[in-house]
Amino acid sequence: MSLTVPNDLLDQARTGEVEDAAFVACVRDSLPYAWSVISELVQQRARDGAEFADNQVPPPSEEARGQLLRCLASDAMRGALERHFGVRLAFQNCHRVAVFDPAATEALSAFVTPRAQILNQKPELVDC
């Protein structure tokens, strides 16, 4: 299961729209490793003033890896986090999350090319 959804949020979804803040809180609480990686990258990019910040450290466990995969594979979760943090998210392999300034279109475009994906391949990541 991707998210642990509190009953009040489930009831809200059954009767109408779910507010972003409630959904983001559900993601934060359900996927703490993914949340920590993304929020730390957001802070790092803001501190450095860079166009983007990325994580190149593999997750400490398969559970943590699964959190990143579930979070970034979901359009709803990815979109909510992008709106919440005011960034664009990108993903390579099983752990290389990148946080982009929304205006950094060239940097984002370069990160998501087939060339960039191929250059990011390493033998130890074959089974990630």
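One structure accompanies this document, and this report is about it. Sequence positions are assigned chain by chain, starting from 1 and proceeding in written order. Given that the model is predicted, a residue must reach a pLDDT of at least 70 before its local features are reported, and side-chain atom pairs must reach 80 or more before they are shown or counted; all residues, however, enter totals for whole chains, interfaces and linings. Hydrogen atoms and water are omitted, and side-chain values are computed over all heavy atoms in the structure.

## Brief notes about the nonpolar core
One recurring pattern in soluble globular proteins is that nonpolar side chains are buried together. Val 27, Ile 38 and Leu 81 are the most contacted members of the largest nonpolar core, which has 27 residues in total. Helical segments are the DSSP runs of H or I of at least four residues, strand segments are the runs of E of at least two, and each set is numbered from the N terminus. When contributions to this core are tallied by element, the ones reaching two or more residues are α2 (20-30), α3 (32-48), α4 (62-73), α5 (75-85) and β3 (96-100). If you tally residues by element for this core, the top one is α3, at 7 residues. Contact definition: two residues touch when any of their heavy atoms are within 4.5 Å. Not counting chain neighbours up to four residues away, the residues in contact with Val 27 comprise Leu 3, Cys 71, Met 77 and Leu 81. Ranked by size, the runner-up nonpolar core spans 6 residues in total, among them Ala 90, Ala 98, Ala 104 and Phe 111. Side-chain atoms within 4.5 Å link the members of a nonpolar core, which is a set of buried Ala, Val, Leu, Ile, Met, Phe, Trp, Tyr and Cys residues. Note on classification: 1.4 Å probe, protein chains only; a residue is buried when its accessible area is under 20% of the maximum for its type, exposed when over 50%, partly exposed between these limits.

## Things to note about the environment of Ile 38
Structurally, Ile 38 is set in helix α3. The spatial distance from the C-alpha of Ile 38 to the C-alpha of Leu 68 is 9.2 Å, given a sequence separation of 30 residues. Non-local contacts of Ile 38, meaning those with residues more than four positions away in its chain, are made with Cys 71, Leu 72, Leu 81, Phe 85, Leu 89, Val 97 and Val 99.

## Observations concerning the packing of α3 against α4
The angle between the axes and the distance between the axes are what describe a pair of packed helices. Only the contacting stretch of a helix is used when fitting its axis, a line to C-alpha atoms as for every element, and angles between N-to-C directions run 0 to 180 degrees. Between α3 and α4, whose axes approach to 7 Å, the crossing angle comes to 70°. By the angle class used here, α3 and α4 are roughly perpendicular. Across from Pro 32, Tyr 33, Ala 34, Val 37 and Ile 38 in α3, the residues of α4 making contact are Ala 64, Gln 67, Leu 68, Cys 71 and Leu 72. For classification purposes, an angle smaller than 35 degrees is called roughly parallel, one larger than 145 roughly antiparallel, one from 65 to 115 roughly perpendicular, and anything else oblique.

## Quick notes on α4
Side chains that are three or four residues apart share a direction in an α-helix, a result of its 3.6 residues per turn. The span one expects for a helix is its residue count, reduced by one, times 1.5 Å. The end-to-end C-alpha separation of α4 is 16 Å, in line with the 16 Å expected for 12 residues at 1.5 Å each. Among the residues making up α4, those that are buried are Ala 64, Arg 65, Gly 66, Gln 67, Leu 68, Cys 71 and Leu 72. Packing partners of the buried residues in α4 comprise α2, α3, α5, β2 (88-92) and β3.

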